[in-house]
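# A look at the structure
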Amino acid sequence: MASTMHLDVVSAEEEIFSGEVEFVVARAFEGELGILPRHAPLLARLQPGEVRVRMPGGEEQFFYVSGGMIEVQPRVVTVLADTAARAKDLDEAAAQEAKKRAEEAIRNRTGEIDYARAQTELAAAAAQLRAIQSLRKKRGKK
Amino acid sequence: MAGAKEIRTKIKSVQSTQKITSAMEMVAASKMRSAQQRMQRARPYSDKIRNVIAHLAKADPEYRHPFLAEREVKRIGYIVITSDRGLCGGLNANLFRRLLPHLSRCQQEGIGTDVCAIGNKGLQFFSRLQVNLVAHVTHLGDTPHIADLLGSIKVMLDGFREDRIDQIVLVYNRFINTMTQEPRLETLLPLPPVDLDTEHGGADEGEDKAYGWDYIYEPNAQEVLDQLLQRYVESIVYQSVVDNIASEQAARMVAMKSASDNAEALIDDLQLVYNKARQAAITTELTEIVSGAAAV
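In short, a report on the structure. (Residues numbered from 1 in each chain as written. Chains lettered and ligands numbered in written order. Predicted model: local features only at pLDDT ≥ 70, side-chain atom pairs only at ≥ 80, totals over all residues. Heavy atoms only, no water.)

Glancing now at the packing of aromatic side chains. Residues and elements named next belong to chain B. Tallied over the entire structure, the rule returns six aromatic pairs over all chains. When the centroid spacing of 3.9 Å and the interplanar angle of 5° are considered together, the rings of Phe 96 and Phe 125 count as stacked. A residue pair is termed long-range when its members are at least 10 positions apart, and Phe 96 in helix H2 (residues 91-109) and Phe 125 in helix H3 (residues 120-127) qualify at 29 residues. There is no split in this pair, since Phe 96 and Phe 125 are both buried. On the basis of an interplanar angle of 75° and a centroid distance of 5.3 Å, the ring pair of Phe 125 and Phe 126 is categorised as edge-to-face. Judged by relative accessible area, which is 9%, Phe 125 ranks as buried. (Phe/Tyr/Trp six-rings, centres within 6.5 Å; stacked < 30°, edge-to-face > 60°. Helix = DSSP H or I, 4+ residues; strand = E, 2+ residues; numbered from the N terminus. Buried < 20%, exposed > 50% of the residue type's maximum accessible area, 1.4 Å probe, protein only.)

Attention shifts here to unusual backbone geometry. Residue and element names in this part refer to chain B. Following Leu 189, the chain continues to Pro 190 via a peptide bond in cis, the omega torsion being -5°. For the peptide bond that leads from Glu 218 to Pro 219, omega is 0°, which places it in the cis range. Positive phi outside glycine occurs at Asp 163, with the angle close to 65°. Within the secondary structure, Asp 163 sits in the loop between helix H4 (146-161) and strand S4 (167-175).

Attention shifts here to the interface of chain B and chain A. Counting from both sides, the interface comprises 66 residues of chain B and, opposite them, 58 residues of chain A. Interface area for chain B against chain A, summed over the two sides, is near 5,300 Å², with a carbon-plus-sulfur share of 59%. When the buried surface of chain B facing chain A is broken down by residue, Tyr 45, Arg 128 and Glu 218 of chain B rank first, second and third, together holding 14% of it. At the junction of chain B with chain A, the criterion picks out four salt bridges. Across the pair Asp 82 of chain A and Arg 231 of chain B runs a salt bridge, and its minimum N-O distance is 2.7 Å. At twelve residues, helix H6 (residues 221-295) of chain B tops the list of elements feeding residues into the side of chain B that touches chain A. Considering only residue class, the side of chain B that touches chain A consists of 35 nonpolar, 17 polar and 14 charged. One ladder, built from three bridges, connects strand S5 (residues 42-54) of chain A with strand S6 (residues 216-218) of chain B; its direction is parallel. By the bridge assignment for S6 of chain B, Leu 43 of chain A is matched with Tyr 217 of chain B. (Contact = heavy atoms within 4.5 Å. Buried area = accessible area lost by both parts, 1.4 Å probe. Salt bridge = Lys/Arg side-chain N within 4 Å of Asp/Glu carboxyl O. Nonpolar A, V, L, I, M, F, W, Y, C, P; charged D, E, K, R; others polar. Pairing = 2+ DSSP bridges.)

The subject of this paragraph is the pairing of strand S1 (residues 75-81) of chain B. All names here are of chain B. The buried fraction of S1 is high, at six of seven residues. Relative to strand S2 (residues 112-118), S1 runs parallel, the two being bridged by seven bridges. In the sheet register, Ile 76 faces S2, and the bridge partner there is Thr 113. Note that the unit made of S1, H2 and S2 has a crossover that is right-handed. Where S1 meets S4, five bridges bridge the pair, whose relative direction is parallel. Along S4, the bridge assignment pairs Tyr 78 with Val 169. (Right-handed = clockwise from strand over helix to strand, strands pointing away.)

The subject of this paragraph is the pattern of salt bridges. Here the structure, examined in full by the defined rule, presents 17 salt bridges over all chains. Its salt-bridge partner being Arg 45 of chain A, residue Glu 223 of chain B comes within 2.5 Å of it at the nearest N-O pair. Here Glu 223 of chain B, found in helix H6, pairs with Arg 45 of chain A, found in strand S5, and the two come from separate chains. The network of salt bridges with common partners includes Arg 71, Asp 163 and Asp 166 of chain B.

Structural measurements only, silent on function.
Here is the structure:
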């Protein structure tokens, strides 16, 4: 029986694959990597592309990842896949947009309310909630 | 029977409100279940990444990442996660109540604050406050995607990298169970060392521990660590967003349940008043007839 290793393919939003495999091929930053069991510890960035996996039965499986990382331990391989297409400029654009929205929100700000005032408002809301609760309790007893 | 008609209309209107609240309760219950599943699904990624970071701490690479270094706190960035919609009890109010003392203490001590609001309620709250709102994202819906969060997270991370912010705190409601949601403040950056002490769950324990080893990095340690830590932070924020959604649905479910119960009690009371009024009207009528007959 050929030796196997454990492979986990996970993305931030879900687990994609978990199980025993014989051989993994991934596109790392500097080229394709083929990983067999008992590989030396390795940590690499992945390029967008496919991760090819050979299962113990000889059956092959493919996963598409749009980037991410691969961590290799002698008997455990973990692919941390990115869910979204990531590029520096894309991230930058998203950040810019988030900033712009915030600036607009600040501009639309109505009167100036300080912390103390907000705190009293919140306290009032909490008091209301408490009052409702005690009312309800009284009601229950009646 | 003067008030009877009014009371009947009132009962009708309370009944239709009750229909709405009980429908909302059921919707929230089913949404909560899927939000909980999403919470479960997101867990492996952050667990795995935490393992890798734990490895890295042991592996002792020569490069020390700025995300791990403590420094004097002159400015704190808060990432505040709230719900987009209301009608979820005191969920958001509790969160703000937990957060405000921190903000005012910062103000007293002359520590600057930057706020990044995730969720509409937070945006509304902070746009009335004198805080420096640096980024916000709203309307994530019930199935948030990490891609929607990246922009706002990056604003904060850039602030940290460029030394504008010295600490990033994550504020959100942690889902404990259906009845309990706990408002939490957690330090996101610099990464607390406790995180790095978590043991590795893999099968390769033991044999590598004896001597110092390091990964083979591709392309190099710095870039790999950069990306890894950034992904880690993003995944924590994503986790908290999903947690907050589960909390929101749970809180809404409970709030709507008590609203339905209250409506029920109100209907009971009104029904009693209505019956009494009806009874009184019949009695008066009878008395009138009887006394009329007696007079004849």
